[in-house]
Amino acid sequence: MNNYPWLEAFLLALPGVTRDYKPEWGFMNYRAARRLFAVTCTPDARYKRCGGRELVTLRCDERFGDALKAQYADIIDGFYSDRRYWISVFLDSEEVPPELLRRLCENAHAEILRRAPKRVREALKGGGESENL
């Protein structure tokens, strides 16, 4: 059961976000300025702790991610990603407050945009799309 039914709409409402589906992995990828910042998926049973549990994997600063993982059992190292820069949140969690998940999504998006070219950031501030930039 997904306790955050608003998540996809929230991610897509962030400036310049596009999504694509990776069928061979079952990953829905969310990108801004052509850079990945969030992934949703449901790993299969071979991934013991994650098997059958829907999750979102987000770009995150290492120090902040370590603190979150220490505080919340349902925030773990990024699934199938570099644990230094990514965290995963189980979407069946009842312990991770919705406000925190929203902030994590916004931070992941902002992290990617900080690394984008200035013209892309400026286009997004003006309400433009970054797809073709």
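Residue numbers restart at each chain and count upward from 1, following the sequence in its written direction. Restriction of local features to residues with pLDDT of at least 70 applies here, the model being predicted, together with a cutoff of 80 or more for giving and counting side-chain atom pairs; totals for whole chains, interfaces and linings are based on all residues. Side-chain figures throughout are based on the complete set of non-hydrogen atoms in the structure, without hydrogens or water.

**What to know about the layout of surface pockets**
Reasoning step 1: Points on a 1 Å grid, built from protein atoms alone, make a cavity when a 1.4 Å probe fits but cannot get out and make a pocket when they are open with protein on both sides within 12 Å along at least 5 of 7 lines; residues with an atom within 4 Å of a point are the lining residues. Grid points are joined across faces, edges and corners, and a volume is the space filled by probe spheres set on the points. Its volume calculated, the largest pocket comes out at about 190 Å³.
Reasoning step 2: The residue classification treats Ala, Val, Leu, Ile, Met, Phe, Trp, Tyr, Cys and Pro as nonpolar and Asp, Glu, Lys and Arg as charged. All others, Gly included, are polar. Residue composition of the lining of the largest pocket, grouped by class: seven nonpolar, one polar and three charged.

**Comments concerning the packing of aromatic side chains**
Reasoning step 1: Here the aromatic set is Phe, Tyr and Trp, taking the six-membered ring for Trp, and pairing holds for ring centres within 6.5 Å; pairs whose planes are under 30 degrees apart are stacked, those over 60 apart are edge-to-face, and all others are tilted. Inspection of the entire model under this criterion finds eight aromatic pairs.
Reasoning step 2: Judged by centre distance (5.9 Å) and plane angle (85 degrees), the ring pair of Tyr4 and Trp6 falls under edge-to-face.
Reasoning step 3: Note on classification: 1.4 Å probe, protein chains only; a residue is buried when its accessible area is under 20% of the maximum for its type, exposed when over 50%, partly exposed between these limits. Judged by relative accessible area, Tyr4 falls into the buried class, the value being 2%.
Reasoning step 4: Considering the side-chain rings of Tyr47 and Tyr80, the 6.3 Å spacing of their centres and the 85 degrees angle between planes classify their relative orientation as edge-to-face. Placement of the pair is Tyr47 in the loop between strand S3 (35-41) and strand S4 (55-59) and Tyr80 in the loop between strand S5 (75-77) and strand S6 (86-90), with a sequence separation of 33 residues.
Reasoning step 5: Of the residues examined, Tyr80 reaches a relative accessible area of 57% and is grouped as exposed.
Reasoning step 6: The rings of Trp25, Phe27, Tyr47, Phe79 and Tyr80 are connected pair by pair, giving a single aromatic cluster. Put simply, DSSP marks the helices as runs of H or I at least four residues long and the strands as runs of E at least two long, and each gets a number from the N terminus on.

**Let's talk about the environment of Asn2**
Reasoning step 1: Relative to the helices and strands, Asn2 is located in the segment before helix H1 (7-13).
Reasoning step 2: The class of Asn2 is partly exposed, set by a relative accessible area of 27%.
Reasoning step 3: Considering only alpha carbons, one finds Asn2 and Arg34, 32 residues apart in sequence, at a separation of 27 Å.

**Overview of the pairing of strand S2 (residues 27-32)**
Reasoning step 1: Bridge analysis of strand S1 (residues 17-22) against S2 gives six bridges, and the strand direction is antiparallel. Each residue of the ladder has a partner; that of Thr18, found in S2, is Arg31.
Reasoning step 2: Any two strands with at least two DSSP-identified bridges between them are counted as paired. In this antiparallel pair of consecutive strands, S1 and S2, the connection spans four residues, and Gly26 shows a positive phi of 75 degrees.
Reasoning step 3: Across five bridges, the pairing between S2 and S3 is antiparallel. For Asn29, the partnering residue across the bridge sits in S3 and is Val39.
Reasoning step 4: Counted between consecutive antiparallel strands, the loop separating S2 from S3 contains two residues, among which Ala33 sits at a positive phi close to 50 degrees.

Purely geometric numbers; function is a separate question.
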